[in-house]
Amino acid sequence: MLSRFSLAAALVSALPGAAAEPVPASSPAEQTPIAEAGHASPVFENLNIWGYGEIYYARPSKDEGRTVADMRRAVFGLGYRFSPRVVFNSEWEVEHAIASASDAGEFEIEQFYVDFEAADSLTVTAGLFLMPFGFINEHHEPPQFYGVQRNFVETLIIPSTWREGGINLHGNAGPGFGWSIGVVTGNNFKDWQFGSVTPPYVTAFDLEAAEPGPLQSTHQELQIADASHLSGYVALNYHGIPGLLIGGAVISGNATKVPLPADVPNPGQPRVSLWEGHARWTPGRLDLSVLYAGGHISNTAAANAANPDATNPIPASFNGFYAQAAYSVYQDATFRLTPFLRWETYRMGSSYEGTSGPVVPAGPVAVSDTPGDVSFWPQNNDQVWTVGANFYITPQVVVKADYQRFANNTNFDRLDLGLGLAF
Amino acid sequence: MAGRPWSLLPVAVLAAPGVAFAVDYLTGDQAQAGLFPEADHFEVRNFALEETERMAIQKRLGLQVRPKWVVRVAMRGGTMVGAVVVDDVIGKFDRITFAAGVGLEGAVRPVEILSYRESHGQEVRQDSWRNQFAGKTETSPLRVGDDLANISGATLSCTHVADGVRRIVAVVASLKRSGALK
């Protein structure tokens, strides 16, 4: 097999026009380049290819008939350096293996942006990019987080993968401070689903796939986005002490409101705000982290009042918290085994305006037209214990296993197995 | 948070950012002088590892090891006082150029980052992170998540620079043991 560098040389020699005017590198390599497995690949001098993906197996321990296996996502990245100061990056994702009109999968552009080093002290990003909230959203490749699936707080409260279109400025300030600030497209409640005939999800796997979180279901991902309202955000992190990260972020902006009949008063514009704080301490083999996220949506009373007895009214506030500990019990030149324990709580609706909250059926309800296919209507808040381990075959290829126990939606308890990689 | 979203922008301008990408911070000559200020001159020498030794290092480290190496030998009064190797690793998707210095006694000096080319992960340039390498030897794990603390959010850059230093320390030690580097 050709190394990536020798492949690059072969390709360049075979396609002389492909890099007719190469952008000068900032400095040439002093050593002979070597192939380093598991790293991104500069195919040409200025073109980079990378990727990641993950496969899940989820077995609900109290409802084994709903066991699923899923090619959850395959993502490939393409980047191009136009000059030492201008870089383009993009990521292209297929979810659930097949994307077509009759399948569950999706094909989507996860990132598409240009980084411009405006000065040695300022980088500007423009396009579709990831929001700098929490740990996972910007660093969501499977080897970078514990557990088969991403934690619930950083999916249901802070969406992941959460991207918006807009402009971002970021940089480091002083000893160990990093900052990020920007203006992006906001949320859209025009298509909010106040209810459904059957439960929107009946397993923990469905919970993450259905994206029921208040921001998950209203962020626009630059898909013909309503840009009449923009949001502003700022994020700050301190990483000046090796192994320690402390930070937080806040975003706020008006959103597109729920359309109501002309004779129904619909005052005010909903304003969506989200704030989070996080801390991580990784001294050697130990990895401790905590994260809190909370959000508020204003002016929801009229829309909720116009949809009485809804199973899914718009929340006025929502929040989540988790604490996690991991320790690498075994590590050698090739392998690493890291067990972990996590406790988390999420409330997709901690308060409401215009309603007392979701009105959901008690007892078993039909999930589909299939006779006997029944389950419980899920509660939109829970406390979850997760115990499991990541086993790294290489730093970029990980086999995962975990067990999750839910305090409220007890039929969600499950065993998960997963395979993830990134390069 | 009240007000228009872009009212936050002046906060960014007031901060004193230090980020950059595609930037050369140091030349190899500047890095070697910083790593071995006691040296009065440096000799650039080329070495080739024996194949059996190269394979043994690869197996021990779990890393690829090239056969040929360029080493900047730090000299003082005609005597070697250390060795500097300038090398590249991939951060997330672009090269990081760094320099590792190893003293006569085998102890590593703080790593120098010469060039960083990505818009994220440049926290590896922090003194506090680079200084962790000081005093490590061939017998140290020299591994992020073991004797080297990570920087959350710059995991790939940290891991790959640490891998690169571990490789250099092993190669320099091997060349010294063989008598080639003296």
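Going by the structure above, here's the rest.
Being a predicted model, the structure only gives us computed values, none of them experimental.

About the thresholds
- Residues numbered from 1 in each chain as written.
- Chains lettered and ligands numbered in written order.
- Predicted model: local features only at pLDDT ≥ 70, side-chain atom pairs only at ≥ 80, totals over all residues.
- Heavy atoms only, no water.
- Helix = DSSP H or I, 4+ residues; strand = E, 2+ residues; numbered from the N terminus.
- Buried < 20%, exposed > 50% of the residue type's maximum accessible area, 1.4 Å probe, protein only.
- Contact = heavy atoms within 4.5 Å.
- Areas by Shrake-Rupley, 256 points an atom, 1.4 Å probe, with all protein chains shown as cover.
- Lys, Arg positive; Asp, Glu negative; His and termini not counted.
- Charge placed at Lys NZ, Arg CZ, Asp CG, Glu CD.
- Phe/Tyr/Trp six-rings, centres within 6.5 Å; stacked < 30°, edge-to-face > 60°.
- Core = buried A, V, L, I, M, F, W, Y, C linked by side-chain atoms within 4.5 Å.
- Patch = residues over 30% accessible without salt bridge, like charges linked within 9 Å, V, L, I, M, F, W, Y side chains within 5 Å.
- Salt bridge = Lys/Arg side-chain N within 4 Å of Asp/Glu carboxyl O.
- Arc of directions from axis to C-beta.
- Pairing = 2+ DSSP bridges.
- Axes fitted to C-alpha atoms, helices over the stretch in contact; angles between N-to-C directions.

### A word on the overall build of chain B
A tally of regular secondary structure across chain B gives 5 helices and 6 strands. Listed N to C, the secondary structure of chain B is α-β-α-β-α-β-β-β-β-α-α in terms of helices and strands. Taken across its 182 residues, chain B has 59% of its residues classed as buried. Considering only contacts within chain B whose residues lie at least 6 apart along the sequence, 60% involve residues at least 24 apart.

### Structural notes on the overall build of chain A
For chain A, the helix and strand inventory stands at 4 helices and 20 strands. For chain A, the spread of C-alpha atoms along the principal axes amounts to about 70 × 45 × 45 Å. Residue burial in chain A is summarised as follows: out of 423 residues, 51% are buried. In chain A, of all internal contacts separated by at least 6 residues, the share reaching a separation of at least 24 is 64%. Per element, the accessible surface of chain A, about 17,300 Å² overall, is 64% carbon and sulfur. Within chain A, the 41 negative side-chain charges are centred at a point lying 5 Å from the centre of the 21 positive side-chain charges.

### Some remarks on the packing of aromatic side chains
All names here are of chain A. Applying the stated criterion to the full structure yields 15 aromatic pairs over all chains. Ring geometry for F152 versus F406: centroids 5.5 Å apart, planes at 65°, classification edge-to-face. With F152 in the loop between β6 (122-130) and α2 (153-157) and F406 in strand β19 (residues 397-406), this residue pair connects regions lying 254 residues apart in the sequence. Exposure class is identical for F152 and F406. Each is buried.

### Observations concerning the nonpolar core
Within the largest apolar cluster, 43 residues are counted, with the highest numbers of intra-cluster contacts made by F133(A) and L274(A). Residues contacting L274(A), with those up to four places away along its chain left out, are F133(A), I157(A), I158(A), W162(A), L215(A), A249(A), V250(A), I251(A), G294(A), G295(A) and F318(A). Listed in part, the 41 residues of the second largest apolar core include L61(B), V73(B), V111(B) and V161(B).

### Points about a nonpolar patch on the surface
A surface patch of nonpolar side chains, amounting to about 740 Å² of accessible area, comprises I55(A), Y327(A), V329(A), Y330(A), F335(A), F391(A), I393(A), V399(A) and L419(A). Mapped onto the elements of the fold, Y327(A) is located in strand β13 (residues 315-327).

### Some points on unusual backbone geometry
Residues and elements named next belong to chain A. Going from S160 to T161, the amide bond is cis rather than trans, its omega being 10°. Note on placement: T161 falls in the loop between α2 and β7 (163-173). Of note, E221 is a non-glycine position whose phi angle comes to about 55°, a positive value. Here E221 lies in the loop between α3 (204-210) and β9 (230-238).

### Considering helix α3 (residues 51-61) of chain B
Quick reminder: α-helices carry 3.6 residues per turn. Residues three or four places apart thus point the same way. Residue and element names in this part refer to chain B. Considered for burial, the residues of α3 that qualify are R54, I57, Q58 and L61. Projected onto a plane normal to the axis of α3, the buried residues spread over an arc of 100° and lie on a single side. Exposed and facing more than 90 degrees away from the buried side of α3 are T52 and K59. At its buried positions, α3 is contacted by α5 (155-178). Of the residues flanking the end of α3, it is G62, one or two places downstream, whose phi is positive at about 70°.

### Thoughts on the sheet that holds strand β1 (residues 23-24) of chain B
Residue and element names in this part refer to chain B. Taken together, the 6 strands give an open sheet; going across it, the order is β1-β6-β5-β4-β3-β2, and neighbouring strands pair in antiparallel fashion. One side of each edge strand has no neighbouring strand; the edge strands of this open sheet are β1 and β2 (41-48). Examined bridge by bridge, strand β4 (residues 79-90) and strand β5 (residues 95-103) share 9 bridges and lie antiparallel to one another. When the sheet's bridge partners are listed, G82 is paired in β5 with G103. With respect to the sheet, α5 is in contact with β2, β3 (68-76), β4, β5 and β6 (112-116), its orientation differing from that of β4 by roughly 145°.

### Focus: the pattern of salt bridges
Taken as a whole, this structure holds 29 salt bridges over all chains when the rule is applied. Taking the shortest distance from any N to any O, the salt bridge between E117(A) and R85(A) comes out at 3.2 Å. With E117(A) in strand β5 (residues 106-119) and R85(A) in the loop between β3 (68-83) and β4 (86-95), this pair connects stretches of sequence that are 32 residues apart. Note on E117(A): relative accessible area 1%, which makes it buried. For R85(A), a relative accessible area of 36% puts it in the partly exposed group. For R60(B), the salt bridge goes to E138(B), with nearest N and O atoms at 3.3 Å. Of the two residues, R60(B) is situated in helix α3 and E138(B) in the loop between α4 (127-130) and α5; the sequence distance between them amounts to 78 residues.

### Comments concerning the pairing of strand β8 (residues 177-185) of chain A
Residue and element names in this part refer to chain A. Burial of β8 is extensive: 8 of the 9 residues sit out of reach of the surface. In the sheet, β7 pairs with β8 via 8 bridges, with the strands oriented antiparallel. Following the sheet pairing, L169 is matched in β8 by I181. The antiparallel hairpin formed by β7 and β8 contains 3 residues in its connecting segment, where G174 sits at a positive phi of about 65°. The pairing of β8 with β9 spans 9 bridges and is antiparallel. Within the sheet, the bridge partner assigned to G178 lies in β9 and is N237.

### Considerations on helix α2 (residues 28-35) of chain B
All names here are of chain B. Taken residue by residue, α2 has G28, A31, Q32 and L35 as its buried positions. Buried residues along α2 cover an arc of 95° about the axis, so they all sit on one side. Next to the buried residues of α2 lie β2, β3, β4, β5 and β6.

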